[in-house]
Structures are given as structure tokens and as C-alpha cells.
Amino acid sequence: MFKHIRNVWSIPELRNRLVLTLVLLAVYRLGFLITLPIVDQQALGESLKRRGDSGMVQVMNMLSLFSASNIGMMTIFGLGIMPYISASIIFQLLGTVYPPLEKLQKEGEAGRKKINEWTRYATVVICFVQSYFWIMILTGGDNSDSIFIKDFANSYYMRLICAITMTTGSVLLMWIGEQIDEYGIGNGVSLLIMAGILSRLPTALGTLIGPAMTDGISLGGRSGIDRLIVLVVVFFGVVWWVVLITQAQRKIPVQSAKHVRGNKVYGGRTDSLPLRLNQSGVMPIIFASSLLMFPWLAFKQLAALDIKFLGIGELCTKLEAAFGNHGGFLYNACYIMLIFFFCYFWTAITFNPTEMASNLKDYGSFIPGYRPGDRTAGYLERVMTRVTYVGAAFLSLVAVIPTVVSGSLNLDYTVSSFYGGTGLLICVSVAIDLIKKIDSYLSARQQPGLLDVQE
């Protein structure tokens, strides 16, 4: 292991990129120590504790998990990177239904830069709306004005300042992610999300092991050794399963045609075309979780209006509670449907069977039993549809594991989200991607990779 570390730090360019990435991640974590000017953090913690397992707290926990934030602390980075992710989702969806934007996507680097520019502008707007909305929610009901410094509790000017501050913080995080992409190592947004998840590790360990320290270890109960053993087995089992599925591939045999050049015969060998089982990575879970926040917010506002006509107000109250309960049937059913939708949507964007069949034909290769062209494209599309179904089912199962573990073992959501599945899936996927990018620098200099065994 130490040889691998020395090899990594012996390459100047890779060393500089790693140092820059670590410094920017440290800046990201330091931002959580800078609170908003009008918030009393102790009173805020007591308010959230009083709300207990309410829908708002569950939504805030889910939002914090996927946005590299801790919105409950009301810091300058309280919104995290979620507004940027939301803006990216909007433009990716528009790119499939809005012809001018679809045409811009096909213009290469120039089109991509223009779309990124529009995404940044949209991020600023979404940041401001979300930040002001959350501040207004925390000042309404349940005597929540006590979480703010008394002199500023009802000051719209100070609330506006807080919204601008949180917007600036999220824009800074967006900039940090882009700098990591260009000058660091790995995917900037993914690394920020992983860092936010790993920052929960001390809290999760404290919540899990704390009762054993105070009550002693016994069988059954909060500090039962049987429960700890089950959690350890689940943890390593999920990690093994996530790595297996993340690396799994469906290999399609490809035969290259023979051709003669001079006195030599080239080609005629059999190769394989690998199709990843989980083609879309963790993005469907992030997209689905982001979109499911909007129904809860919408029904919450409609329920507050208390519309008496045809029982709309009562219906909105029930739907608000349903979408706020992450262990409920309606929420999980919509969650799974959105995961399947985004898996196929993401695959349709990144995988073009017609283009791949054309490339195989141009290189003089073919899939045995299928003629080059439309027959090959149709076969690739059918295979990818089946592979995507398995990958979507895997992601759906991983996404609901935290809810099942939390409910069956009566665990806090902080523990179940980290040890259960979704958090591990993101961390493992980002770690594998980071290792591959580091290995690309090592292989370019004929050095063994991080996972290669040295004798």
C-alpha cells in the first residue's frame, strides 16, 4: 500500500491535482462552521428536535444527504450543491424535448459551454428561491421565530440578506466543483457529495455505539450485540454487492472481418463489447430524490391555504404527510418509478445503439448472427433495455434499504442512510471513479495501478 502511495505522490502533476482537490474540499467543510448572522444554532437544534420525525425533518435529512449540505445548521453552505444539480436536471430534460436546446447539445464544445452558462444562471435563481423559502418555513409555526436572534426575527431585510448569503455559498460550491473538474482529480460535484456523506460518519458512529457506552452491551435493546452484528454484516454485504454491480458488465461478442494487405492477413479475431449493468451510476437516485421534494413542498403550501372546496384542503394535508413519510408506500412507489424512469432516460442520453452499430460497421466488425446496420442496432437496443432494467432494479433496492433497515431495527435515519445503501452506493461509485482516474495517470507513466498487486 505504501508503495502505491509513493508512486502517486512521485508524479508532480498528479500530486498537484490531489493537493488542490484536498484544499478545495477543506474549504467546503470549513464553510459549515460559518453560520448565518441571525440564527441561534442552539435554538434551531432544539426546534428540529421538537419536530422529531416530521415530514420537514425527513425532507431536510434527504436533501442534506444528496446535496453535500447540512441545511439544518443554516450555514452559508446550507443549500449545498443541490441547486446546481437541479438546474442540470432541468436542462438535460429540456434537451430531449426542446429542439433548439437539442440542436445546441449537438454543436460540440461550443454548445456545451453555452448550456453550462445557462445552467449557472439558473442555479443562481434556484438558489435564491430555495434559500428564501427554507428561511420562511423555519420562521413559521411551532414558535420557530425563537431560532432567530430576537431583534431580527421578523426583519425581512435580514431574511433577504440570509437568502443572498446562502445563494452566494452555493454558487461558491458550484465554482469549487468546476475547479476540481478542471484542475483537480475526479468529478467535483460527486466528490463534494461524497465528502458530505463521509462527514456524517462520526455522528452515525456516535448514534450507533453511544447507547452501548452508556447502557452497556447486552442482548436485545438499543445496545444489543445482536443488532450490532447484523449491522456489520449488512454493511460489508452492501459494500460487496455495490462494488459487484457497479463493476458488472454484459459482454457482447464482436467478430472483426478479415482483410488482406499485401502478403499479410489482418483481423479475424474475436473481441467483446462491454455494456455496464449500471450505466447511469448514482444519478437516477439523486434526480429522483430531488424531484420528490417538490410534491411535498407543493402540498404543504396548498394544505396551509386550507381550501374547503370538495375537501381539497384535507386531501392536500394527507398527501403532504404521505410524501413527507419516507417509509410510506406512496413515497417509495413514486421513488422507485422515478429511479426506473431516470435509469432509462440517462441510458438513452449516453448510449446510442445506432451510432455504435455504425462505428462497428466502419471498423469492419460485426456481432455474430446479426447483419451490420439496423439489425445490429436493434439487437444492441434490446440488450441494453434488459440490462438497464436489472440496473434500475438494483438501484431501487439500494435506495429503499435505508428505510427498511431503519424501520426493522428502529434506527435513526442518519445511521441507516450511511450504513444502509444510498450513501454507500455514492461513496463506493465515486471512490471507484477516483481510483480509475488516478490509475490513468499511473499507467501513462508505466506505474502499477492502485489495485495492482506488486510482488
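Refer to the structure presented above.
In what follows, the accompanying structure is described. Remember, it's a predicted structure, so these values are computed and weren't measured experimentally.

Rules used throughout
Residues numbered from 1 in each chain as written. Predicted model: local features only at pLDDT ≥ 70, side-chain atom pairs only at ≥ 80, totals over all residues. Heavy atoms only, no water. Helix = DSSP H or I, 4+ residues; strand = E, 2+ residues; numbered from the N terminus. Buried < 20%, exposed > 50% of the residue type's maximum accessible area, 1.4 Å probe, protein only. Contact = heavy atoms within 4.5 Å. Axes fitted to C-alpha atoms, helices over the stretch in contact; angles between N-to-C directions. Left-handed = near helix turned anticlockwise from the far one by under 90°. Nonpolar A, V, L, I, M, F, W, Y, C, P; charged D, E, K, R; others polar. Pairing = 2+ DSSP bridges. Expected span 1.5 Å × (residues − 1). Arc of directions from axis to C-beta. Parallel < 35°, antiparallel > 145°, perpendicular 65-115°, else oblique. Patch = residues over 30% accessible without salt bridge, like charges linked within 9 Å, V, L, I, M, F, W, Y side chains within 5 Å. Areas by Shrake-Rupley, 256 points an atom, 1.4 Å probe, with all protein chains shown as cover. Salt bridge = Lys/Arg side-chain N within 4 Å of Asp/Glu carboxyl O. Lys, Arg positive; Asp, Glu negative; His and termini not counted. Charge placed at Lys NZ, Arg CZ, Asp CG, Glu CD.

1. What about the overall build of the protein chain?
Thought 1: For the protein chain, the count of helices and strands is 18 helices and five strands.
Thought 2: Counting all 455 residues of the protein chain, 45% fall into the buried class.
Thought 3: In the protein chain, of all internal contacts separated by at least 6 residues, the share reaching a separation of at least 24 is 70%.

2. What about the packing of helix 13 (residues 312-324) against helix 14 (residues 329-350)?
Thought 1: Running from N to C, helix 13 and helix 14 cross one another at 65°; their axes reach a closest spacing of 6 Å. With respect to the hand of their crossing, helix 13 and helix 14 are arranged in right-handed fashion. Here Leu 319, Ala 322 and Phe 323 of helix 13 come into contact with helix 14, specifically with Leu 330, Tyr 331 and Cys 334.
Thought 2: Of the residues that constitute the contact of helix 13 with helix 14, the class distribution is six nonpolar, no polar and no charged.

3. A short note on the sheet that holds strand 5 (residues 365-366)
Thought 1: Read from one edge to the other, the open sheet built from three strands follows the order 4-1-5, with strand pairing classed as antiparallel. Every other strand in the sheet has two partners, leaving strand 4 (270-276) and strand 5 as the edge strands with one partner each.

4. Digging into the pairing of strand 1 (residues 249-256)
Thought 1: Taken together, the seven bridges between strand 1 and strand 4 define a ladder with antiparallel strand orientation. By the bridge assignment, Gln 255 is partnered in strand 4 with Thr 270.

5. As for helix 2 (residues 12-30)
Thought 1: The end-to-end C-alpha distance of helix 2, which contains 19 residues, comes to 27 Å, matching closely the 27 Å that a straight helix rising 1.5 Å per residue would cover.
Thought 2: For helix 2, the complete set of buried residues consists of Leu 14, Arg 17, Leu 18, Thr 21, Leu 24, Leu 25 and Tyr 28. Axial view of helix 2: buried residues confined to an arc of 135°, hence all on one face. Among the exposed residues of helix 2, those oriented more than 90 degrees off its buried face are Asn 16, Leu 22 and Leu 30.

6. Structural notes on the packing of helix 5 (residues 82-97) against helix 12 (residues 283-305)
Each pair of packed helices gets described by two things: the angle between the helix axes and the distance between those axes.
Thought 1: Where helix 5 meets helix 12, the axes come as close as 10 Å, and the angle between the chain directions of the two elements is 100°. The pairing of helix 5 with helix 12 is recorded here as roughly perpendicular in orientation. On the side of helix 5, the interface is formed by Met 82, Ile 85, Ile 89 and Gln 92, while helix 12 contributes Ile 286, Phe 287 and Ser 290.
Thought 2: Of the residues assigned to the contact of helix 5 with helix 12, the class counts are five nonpolar, two polar and no charged.

7. Things to note about a positive patch on the surface
Thought 1: Taken together, the side chains of Arg 250, Lys 361, Arg 371, Arg 375, Arg 382 and Arg 386 present a region of like positive charge at the surface.
Thought 2: Here the element with the most residues in the positive patch is helix 16 (residues 374-409); it accounts for three residues.
Thought 3: Along the chain, Arg 371 turns up in the loop between strand 5 and helix 16.
Thought 4: Residue class for Arg 371 comes out exposed when judged on its relative accessible area of 62%.

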